[in-house]
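Read off the chains here:
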Amino acid sequence: EVYKLISTGETNGIFQMESGGFQNMLRKLKPDRFEDIILAVAIYRPGPMEQIPSCVARKHGREKIEYVHPLMERILNETYGLIVYQEQVMQIAADMGGFSMGEADALRKAMGKKNQELMDKMLGKFRVGATERGIESAIIERVANDMVEFAKYGFNKSHAAAYAVITYQTAWIKRYHPLEFLAATLTCEMEHPDKVIKFIQETKRMGYEVILPSVMHSKLEFDVEDGRIR
């Protein structure tokens with residue numbers, strides 16, 4: 001039920017998922033597992049956004065998922081064959097290039113800091129390691145080029161996953177305790193009149209009534225009262 005809600009794009013008030021563009025992506029992607037929420041959080045940013053059409057098409061079987069090397073499948077299957085996370089680059093460097101995880105982390109840091117000199121050094125080491133493992137040069141170059149392209153916008157999965165937990169939690173509350181969710185959201189935004197108006201409209205869209213302030217019954221914050229919000 002939570003994934004159904006997210007897939008409708010009716011995600012006003014849900015952490016990370018409130019913008020119109022994000023909601024439009026959700027209607028196309030239709031997340032149905034936690035990994036998809038992590039993916040959505042990570043991919044909806046300048047740079048990786050270019051991969052959204054391909055990601056959606058691959059998830060729904062309209063585009064074939066291909067891996068340039070069998071070692072890539074285990075690493076990229078959760079993102080439908082696309083490199084999205086820094087951790088994936090680290091695992092590729094370890095599995096294909098023979099990097100220790102310390103060396104793979106050095107590559108990640110070089111990409112994160114856009115340190116071209118260190119990137120070139122680490123990618124050179126990757127090419128040597130992959131060649132020693134019998135991987136064809138054309139495949140090595142394609143993977144190395146994908147890594148270089150990824151370095152322009154790399155994002156770490158652990159960060160996206162931490163956000164995704166809160167995203168799921170807020171979506172769960174909106175699905176199963178909508179009035180309490182709306183009252184709490186209105187309270188959080190009560191110093192911003194434009195957002196109060198927005199969430200009063202959201203409350204009405206969801207079929208609930210908002211009743212006027214009362215000198216006898218109002219509390220300091222928005223509250224649920226007899227199936228309505230005051």
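None of these values were measured; they are calculated from a predicted model. (Residues numbered from 1 in each chain as written. Predicted model: local features only at pLDDT ≥ 70, side-chain atom pairs only at ≥ 80, totals over all residues. Heavy atoms only, no water.)

**Focus on the nonpolar core**
Short version of the rule: Take the buried residues of types Ala, Val, Leu, Ile, Met, Phe, Trp, Tyr and Cys, join any two whose side-chain atoms come within 4.5 Å, and each joined set is a nonpolar core. Three labels apply to residues, based on accessible area from a 1.4 Å probe with only protein chains included: buried if under 20% of the type maximum, exposed if over 50%, partly exposed otherwise in between. For the purposes of this entry, the term helix denotes a DSSP run of H or I that reaches at least four residues, the term strand denotes a run of E that reaches at least two, and both are numbered from the N terminus. Contacts are assigned to residue pairs that have any heavy atoms within 4.5 Å of one another.
Counting residues in each nonpolar core, the largest one holds 28 residues, and the members touching the most others are Ile6, Met17, Leu39 and Cys55. Taken together, the elements giving at least two residues each to this core come down to α1 (2-8), α2 (20-29), α3 (34-43), α4 (52-59) and α10 (157-176). At seven residues, the largest contribution of residues to this core is made by α3. Not counting residues up to four positions away in its chain, the partners in contact with Met17 are Ile6, Thr11, Phe22, Gln23, Leu26, Ile37 and Thr167. Among the nonpolar cores identified, the runner-up in size contains 27 residues, and Ile75, Ile83, Val89 and Met96 belong to it.

**Section: the packing of aromatic side chains**
The condition is simple: Stacked, tilted and edge-to-face are the three classes assigned to paired rings of Phe, Tyr and Trp, where Trp is represented by its six-membered ring and a pair needs centres within 6.5 Å; plane angles under 30 degrees give stacked, over 60 edge-to-face, the rest tilted.
Scanning all chains against the criterion turns up five aromatic pairs. For the pair Phe22 and Tyr44, a centre-to-centre distance of 5.0 Å together with 55 degrees between the ring planes defines the contact as tilted. One end of the pair, Phe22, is in helix α2; the other, Tyr44, is in the loop between α3 and α4, and 22 residues separate them in sequence. Classification of Tyr44 as partly exposed rests on a relative accessible area of 24%.

**Structural notes on α10**
Since there are 3.6 residues in each turn of an α-helix, residues three or four apart along the chain are aligned in direction. Applicable threshold: Helix span is expected to be 1.5 Å times the residue number reduced by one.
Spanning 20 residues, α10 covers 28 Å between terminal C-alpha atoms, matching the ideal 28 Å at 1.5 Å per step. The set of residues buried in α10 consists of Ala160, Ala161, Ala164, Thr167, Thr170, Ala171 and Lys174. Residues of α10 that are buried in the fold lie against α1, α3, α11 (178-188) and α12 (193-205).

All we've got here are geometric facts, nothing functional implied.
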